[in-house]
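# Structure assessment
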Amino acid sequence: MDLNVDIGTLVKGLFGGKKDSGSNAGSPPNPHLRSIIVGVVLAGLVGAYLYFFYLPEQKRIQEMQALINSISEIRQETIELQRQILEKTAELDAGNARFDELNRLFHDKQELEDLYRNISLLALTYELLVAKLDKGKEQPVFSDKPAIDQGEGLEPKREVAFYKISVGFEFIGNYLGYTNFRRDLAKSKKIINIERERITVLPPDNDKGGQGVVAISATLSTFRFPNSDAERYVTGG
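Structure report, in brief. (Residues numbered from 1 in each chain as written. Predicted model: local features only at pLDDT ≥ 70, side-chain atom pairs only at ≥ 80, totals over all residues. Heavy atoms only, no water.)

## Examining the nonpolar core
Counting residues in hydrophobic clusters, the biggest one holds 20 residues, and the most contacted among them are Ile119, Phe171, Tyr178, Phe181 and Leu185. Looking at this core, the elements with two or more residues in it are helix H3 (109-125), strand E3 (157-174), helix H4 (175-186) and strand E5 (213-224). A per-element tally of this core places H3 first, with six residues. (Core = buried A, V, L, I, M, F, W, Y, C linked by side-chain atoms within 4.5 Å. Buried < 20%, exposed > 50% of the residue type's maximum accessible area, 1.4 Å probe, protein only. Helix = DSSP H or I, 4+ residues; strand = E, 2+ residues; numbered from the N terminus.)

Written out as structure tokens, the structure is:
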């Protein structure tokens, strides 16, 4: 192929062939015309391929590669989430087990009334005169959680973990009868603590039963969970 061909001649051969067909009827056809047409067609095909197929496919490949690269990270995050879920599940199970255990050991309001009646019945069984039975007051024991802010001018609320109930009583009777009373009281399935106890031997000439009579003053404590949100969250404390 002659690369020194006149460009003007080529252009005239491409676009002016039919117009000058009469005057140039005897001239030979341009030998480079076919090559130029083939080149233009090939260039158009290559451009179309790049625009419609290659570039979109490259973009899709890049997106797939990015997704593949993120699989390892996603796998690690999934493993970490599963580990955290297992830890929280174990903590929840332990908390539920602890709650169930304490719930069996703590009193509810009805069981507290049963406790008061049981104390009186045990005293009667062992011939102890109930001089005083004070149901006492309930003292909230707060959890470690931070207080709940209720806004300006209002005291924060705190969460109550459980209530401690103190019960005071005074008995008069035989010391052996009181030891039996304590023994049977200790058999209770609920938590009952003797926090204060004072035993005084009465003089032989007392009017409470004669010789060997003692006066017992004691305070026991037990516990219960809050029964409602009003009991669970209290102000102050």
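Continuing now.
## So, the environment of serine 217
Note that serine 217 resides in strand E5. Among the residues examined, serine 217 registers a relative accessible area of 9% and is labelled buried. Taking the C-alpha atoms as reference, serine 217 lies 4.5 Å from glutamate 170; in sequence the two are 47 residues apart. Ignoring anything within four residues of it in the chain, the contact list for serine 217 reads Phe169, Glu170, Arg196, Glu197 and Arg198. Looking at serine 217, its side chain comes within polar contact range of the side chain of arginine 196, at 3.5 Å. (Contact = heavy atoms within 4.5 Å. Polar contact = N/O pair within 3.5 Å; in protein donor to acceptor, adjacent residues only side chain to side chain.)

## Regarding unusual backbone geometry
Positive phi is not limited to glycine here, since glutamate 127 has a value of about 55°. Tracing the backbone through its elements, the reader meets glutamate 127 in the loop between H3 and strand E1 (129-134).

## Comments concerning the environment of threonine 125
Within the secondary structure layout, threonine 125 lies in helix H3. The class for threonine 125 is exposed, based on a relative accessible area of 53%. Each C-alpha atom of the pair threonine 125 and phenylalanine 181 lies 8.4 Å from the other, and the pair is 56 residues apart in sequence. At 2.8 Å, the side chain of threonine 125 and the backbone oxygen of leucine 121 are in polar contact.

## Some thoughts on the side chain of glutamate 159
Here glutamate 159 is to be found in strand E3. At a separation of 3.4 Å, a polar atom in the side chain of glutamate 159 contacts the side chain of lysine 145. Contacts of glutamate 159, omitting those with residues within four sequence positions, involve Phe142, Ser143, Lys145, Arg232 and Tyr233.

## A closer look at the packing of aromatic side chains
As enumerated under the stated definition, the model contains five aromatic pairs in all. Both rings, one in phenylalanine 162 and one in phenylalanine 223, keep their centres 5.6 Å apart while their planes meet at 85°; by these two values the pair is edge-to-face. Residue phenylalanine 162 is found in strand E3, and its partner phenylalanine 223 is found in strand E5; the two are separated by 61 residues along the sequence. Consider the rings of phenylalanine 171 and phenylalanine 181, whose centres lie 5.0 Å apart with planes at 85°: the pair is edge-to-face. Here the residue phenylalanine 171 occupies a position in strand E3, and phenylalanine 181 occupies one in helix H4, the gap between them amounting to ten residues. Accessibility expressed as a relative area gives 1% for phenylalanine 171, which makes it buried. (Phe/Tyr/Trp six-rings, centres within 6.5 Å; stacked < 30°, edge-to-face > 60°.)

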